[in-house]
Amino acid sequence: MFVIIGYVVICGTIFGGYAMAGGHLGGLWQPLELLMIFGGALGSFVVGNDTKALKATLKALPTLFKGSKYNKTLYLDLLAMLFEILAKIRKDGMMSIENDVENPEASPLFSKYPKLLHDHHLTEFITDYLRLMGSGNMDAFQIETLMESEIETHHMEGHVPAHCIAKLGDALPAFGIVAAVMGVVHTMESLSLPPTELGILIGHALVGTFLGILLAYGFVGPLSGLLEQKLEESTKMYNTVKVTLISSLNGYAPAIAVEFGRKILYSTERPGFAELETHVKQAKGK
């Protein structure tokens, strides 16, 4: 929604200001200029990225028009679920969660938190490391190192679409100049025309430069920054799980372990200590 609102503001202020200054909006409508700019940029995008990067970018595009799911409620559920898991381990041992880990969809514990269970990557991340914790063959330092490596891999993979879109945005002004140069060449071929018609041709050529810059910095470039923000939010979720599980492995009680996880959250999503405690009690009573 905010992406659309931003686009409306950009178009309204730029084209509205141009019209208020006495400009004719019809002169800015140059389909052939758009064809050259978009066609050239799309071609360079395909040439400069492999199949995996192209698929990742296309998959990421729809998420740009959705709001963030990483809010305080989701983090409260995550910390409450981790508390219940760790409390069950502390009370009944690691073997008590074997069925939950092997089949989280049928687990009464995981199914209490459908939003988290719906995130298959997060669920797999949690269950994989609970399984490793139960193996007894790895200490806290080894598991933490492995977690950090996996989170880094997740971050690098998630950065691919943002990088691709950023490069696409960087290319648009250059292709705008290409379109403008082509328009100037056409103008030079038409020097026999009256000055008024030559002025129109030059104006059409300059629109190419305008469109390339506008599309780059007003429409495509900001999408790259938005994808990076969404990536940082998802990475914070994995880091919260890491800190909580490692705290438990180091011998801290479940209540203290989830407190470790709570403290690394961004201030905009971090619940208060009492708020988390209340939510955990309510979740346990379900």
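For the structure, check the block above.
Rules of the game
- Residues numbered from 1 in each chain as written.
- Predicted model: local features only at pLDDT ≥ 70, side-chain atom pairs only at ≥ 80, totals over all residues.
- Heavy atoms only, no water.
- Helix = DSSP H or I, 4+ residues; strand = E, 2+ residues; numbered from the N terminus.
- Rg over C-alpha atoms; globule rule 2.2 N^0.38 Å.
- Buried < 20%, exposed > 50% of the residue type's maximum accessible area, 1.4 Å probe, protein only.
- Contact = heavy atoms within 4.5 Å.
- 1 Å grid on protein atoms, 1.4 Å probe; cavity = no way out; pocket = protein on both sides within 12 Å on 5 of 7 lines; lining within 4 Å.
- Points joined across faces, edges and corners; volume = space filled by probe spheres on them.
- Nonpolar A, V, L, I, M, F, W, Y, C, P; charged D, E, K, R; others polar.
- Core = buried A, V, L, I, M, F, W, Y, C linked by side-chain atoms within 4.5 Å.
- Salt bridge = Lys/Arg side-chain N within 4 Å of Asp/Glu carboxyl O.
- Phe/Tyr/Trp six-rings, centres within 6.5 Å; stacked < 30°, edge-to-face > 60°.
- Lys NZ or Arg CZ within 6 Å of the ring centre and 35° of its normal.

A. Region of interest: the overall build of the protein. Helix and strand counts for the protein stand at 11 helices and zero strands. Reading the protein from its N terminus to its C terminus gives the helix and strand order α-α-α-α-α-α-α-α-α-α-α. For the protein, whose C-alpha radius of gyration is 27 Å, the value lies well above the compact-globule estimate of 19 Å for 286 residues. Each principal axis of the C-alpha distribution contributes one length, and for the protein these read about 90 × 40 × 30 Å. For the protein, the proportion of its 286 residues judged to be buried stands at 39%. Expressed as a percentage of contacts within the protein between residues at least 6 apart in sequence, the contacts between residues at least 24 apart total 76%.

B. Representation of the layout of surface pockets. By volume, the largest pocket is sized at about 1500 Å³. Around the largest pocket, the lining comprises 35 residues; the ones closest to its centre are Thr 63, Tyr 70, His 121, His 154 and Ser 234. Of all the elements in the fold, those that place two or more residues in the lining of the largest pocket are helix H3 (51-60), helix H6 (114-118), helix H7 (120-135), helix H8 (140-188) and helix H9 (195-249). For the lining of the largest pocket, the element with the most residues is H8, which contributes seven residues. Along the lines of polarity and charge, the residues of the lining of the largest pocket split into 13 nonpolar, 10 polar and 12 charged. Phe 38, Leu 42, Leu 61, Leu 168 and Val 220 are the residues nearest the centre of the second largest pocket, which is lined by 14 residues in total. Those elements giving two or more residues to the lining of the second largest pocket turn out to be helix H2 (31-47), H3, H8 and H9. Here the residues of the lining of the second largest pocket sort into 13 nonpolar, one polar and no charged.

C. Structural view of the nonpolar core. Leu 78, Met 81, Ile 85, Ile 126, Leu 130 and Leu 245 are the most contacted members of the largest nonpolar core, which has 40 residues in total. At the level of elements, helix H4 (72-92), H6, H7, H8, H9, helix H10 (254-263) and helix H11 (273-284) are the ones that each hand at least two residues to this core. In terms of residues, this core owes the most to one element, H4, which gives 12 residues. Counting 20 residues, the second-largest nonpolar core is a separate cluster that includes Leu 28, Val 207, Leu 211 and Leu 214.

D. Focus on the pattern of salt bridges. Under the counting rule described, the total for this entry stands at eight salt bridges. In this structure, the salt-bridge partner of Arg 131 is Asp 128, at a minimum N-O distance of 2.9 Å. In this pair, Arg 131 and Asp 128 are both assigned in helix H7, three residues apart and thus about one turn of the helix distant. Asp 128 sits in the partly exposed class, given a relative accessible area of 27%. Taken together, the shared-partner salt bridges connect Glu 102, Asp 128 and Arg 131 into one network.

E. Examining the packing of aromatic side chains more closely. Scanning the model with the defined rule gives five aromatic pairs in all. Here Phe 125 and Tyr 238 contribute two aromatic rings whose centre-to-centre distance is 5.0 Å and whose plane-to-plane angle is 90 degrees, an arrangement assigned as edge-to-face. Remark: Tyr 238 occurs in helix H9 and Phe 125 occurs in helix H7; sequence separation between them is 113 residues. The same class applies to Phe 125 as to Tyr 238, namely buried. Taken together, the aromatic side chains of Phe 125, Tyr 129 and Tyr 238 make up a single cluster linked through ring pairs. Note that Lys 236 overlies the ring of Tyr 266, its terminal NZ or CZ placed 4.7 Å from the centroid.

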